[in-house]
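# Reading the structure
Below are the chains, spelled out letter by letter.
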Amino acid sequence: MKKACKIRTLSGSTKKGIVVKDLRDLVKRGSQILQICDADFKGVYEEDQTEVVDNEYFQQLPSNTVFVFLEEEEEFPGDFSLFLKTLEGVMQEDESAKEIRSFLRSTADLGDMYNVIASVSASWNTNNEETREKDPDWFQGLDQRFKTKSAVMRDRAKNRIRGYLDTAKTYFKNQDKTTAKLATEILKQFEDELRYNEYFCSLFDRSAPTKGPPPPLCNKEGWFGCQGVYNEATCQFFHTLNPYSSRQYFIIFSTWNLDHIIEKSRQVLPDLQTALTSKKKGQVVNTDYFFRLLFTTQNFKLVHIVCHDKGVHTGKKTDKRQWYIRK
């Protein structure tokens, strides 16, 4: 079955339409159209920087997905660029800030970058008080219904987890009618469970009980620690941040990610689809297993943007033995 796609180069804004039969066909014909020779070709990516390396995954993507062709030596604007953009948004517009911005955009050395950022953030005023009344600056631009910092952070956690549910709904909405129908009940179970657990809003709430469920990812003062790249036990950079302490740090916290160890888009959702469409008589899809993979800390880590690996999470796959339970 052929698929309509849109392709472009990293630097090009103009998209070209193409109809292909599989990933190999996309790479071959797309490279020809974009005039990228084999020696210069690096890879095909979605616009969210997800590398597409598997034909089965490619076939799951909806028609008219935009694919970006990268050449050797090319890189997407890194996660650090997002961090820098966010940092710029909270810096005062003065001559020193202009000099710092110019330096950060000219260096590729992470050590230098962190030294500069540390010097900038050292000048930020901090206030770890909890309420709007005692730290009004922290609440600038936030809805008046929020009276405490913990309430804001609970809302942020809810939005992140709700976003994963939306991703699952969109994924199955883009499948064939039979698959979409099979997924309806399990998606409803996911949503009911999330509502019952308030979308795990306690994850970012420093006032939540330390025993959960689930326990907050920060301490009582509001300090979060990066949990490291998906395949590492700890963060080698020792990234820490307290978004409760200043508006600037709160804004920067938006660049930290909950990174799925077994990837939700490359592995969990396609495998859930396979489980739904391949189950045999007497088998029931293990809703709890897939729920834990999508929505809980059993399968994601809080990571600083530098530790967010968007490449293929090698060796991280779902356990087929847990796909089903017996009636």
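For clarity, every value in this text was computed on a predicted model and none was experimentally measured.

### With respect to the overall build of the protein chain
Secondary structure summary: the protein chain contains ten helices and ten strands in total. Counting only residues that meet the buried cut, the protein chain has 46% of its 327 residues in that class. Of all intrachain contacts in the protein chain linking residues separated by at least 6 positions in sequence, the fraction that spans at least 24 positions is 65%. Just so you have it, the protein chain exposes about 17800 Å², and 48% of that area is on carbon and sulfur atoms.

### Quick notes on the sheet that holds strand β1 (residues 3-9)
A sheet is described by the order of its strands in space; here four strands give the open sequence β2-β1-β4-β3, paired in mixed fashion. Strands at the two margins of the open sheet, each flanked by one partner only, are β2 (16-20) and β3 (41-46). For this sheet, the mean inter-axis angle between neighbouring strands, taken without regard to orientation, is 35°. Two strands pair when backbone bridges link them, and β1 and strand β4 (residues 65-71) are joined in this way by five bridges, in the parallel orientation. Considered in β4, the bridge of Arg8 is made with Val68. Running at roughly 150° to β2, helix α1 (residues 23-33) makes contact with β1, β2, β3 and β4 of the sheet.

### Focus on the confidence of the model for the protein chain
Summary statistics for the protein chain give a mean pLDDT of 86 and a share of 85% for residues scoring 70 or more. Taken element by element, the protein chain is modelled with least confidence in helix α3 (residues 79-90), mean pLDDT 56, and with most confidence in helix α10 (residues 287-295), mean pLDDT 98.

### Concerning unusual backbone geometry
Apart from glycine, the bulk of residues carry a negative phi angle, and the bulk of peptide bonds sit in the trans form. Phi is positive for Glu198, close to 55°, though the residue is something other than glycine. When you line up the elements, Glu198 lands in the loop between α7 (177-196) and β5 (224-225). Of note in this structure, Phe238 is not a glycine but carries a positive phi near 55°. Assignment of secondary structure puts Phe238 in the loop between β5 and β6 (240-241). Note on Phe238: relative accessible area 69%, which makes it exposed.

### Some remarks on the nonpolar core
In terms of nonpolar packing, the biggest core is built from 57 residues, with Ile161, Phe190, Phe204, Phe224, Phe290 and Phe295 touching the most fellow members. Counting only elements with at least two residues in this core, the list comes to α6 (149-173), α7, α8 (247-253), α9 (264-278), α10 and β9 (300-303). Not counting the four nearest positions on each side in its chain, Phe204 is found in contact with Met153, Arg156, Ala157, Arg160, Leu217, Cys218, Phe224, Tyr244, Phe253, Leu258 and Leu302. With 15 residues, the next largest nonpolar core counts Ile18, Leu26, Tyr57 and Leu61 among its residues.

### Topic: the packing of α9 against α10
Relative orientation of the contacting elements α9 and α10 amounts to 165°, with a least axis distance of 11 Å. Considering the angle they form, α9 stands roughly antiparallel to α10. Like other packed secondary-structure pairs, α9 and α10 cross with a definite hand, here left-handed. Counted together, Lys264, Val268, Leu269, Asp271, Leu272 and Ala275 of α9 and Phe290, Leu293 and Leu294 of α10 form the full contact between these two elements. Within the contact of α9 with α10, the residues separate by chemical class into seven nonpolar, no polar and two charged.

### As for the environment of Lys320
Inspection of the secondary structure assignment puts Lys320 in the loop between β9 and β10 (324-326). Remark: the alpha-carbon pair of Lys320 and Ala275, spanning 45 residues in sequence, is separated by 8.7 Å.

### As for the packing of α6 against α9
In contact at an axis separation of 11 Å, α6 and α9 are set at 55° when each is read in the N-to-C sense. Here α6 lies oblique to α9, going by the angle between them. In the crossing of α6 with α9, the sense of the turn from one axis to the other is right-handed. When α6 is examined against α9, the residues Tyr164, Thr167, Ala168, Tyr171 and Phe172 are found in contact with a partner set consisting of Lys264, Ser265, Leu269, Pro270, Leu272, Gln273 and Leu276. Of the residues assigned to the contact of α6 with α9, the class counts are eight nonpolar, three polar and one charged.

Reading guide: rules and limits
- Residues numbered from 1 in each chain as written.
- Predicted model: local features only at pLDDT ≥ 70, side-chain atom pairs only at ≥ 80, totals over all residues.
- Heavy atoms only, no water.
- Helix = DSSP H or I, 4+ residues; strand = E, 2+ residues; numbered from the N terminus.
- Buried < 20%, exposed > 50% of the residue type's maximum accessible area, 1.4 Å probe, protein only.
- Contact = heavy atoms within 4.5 Å.
- Areas by Shrake-Rupley, 256 points an atom, 1.4 Å probe, with all protein chains shown as cover.
- Pairing = 2+ DSSP bridges.
- Axes fitted to C-alpha atoms, helices over the stretch in contact; angles between N-to-C directions.
- pLDDT = per-residue confidence, 0-100.
- Core = buried A, V, L, I, M, F, W, Y, C linked by side-chain atoms within 4.5 Å.
- Parallel < 35°, antiparallel > 145°, perpendicular 65-115°, else oblique.
- Left-handed = near helix turned anticlockwise from the far one by under 90°.
- Nonpolar A, V, L, I, M, F, W, Y, C, P; charged D, E, K, R; others polar.

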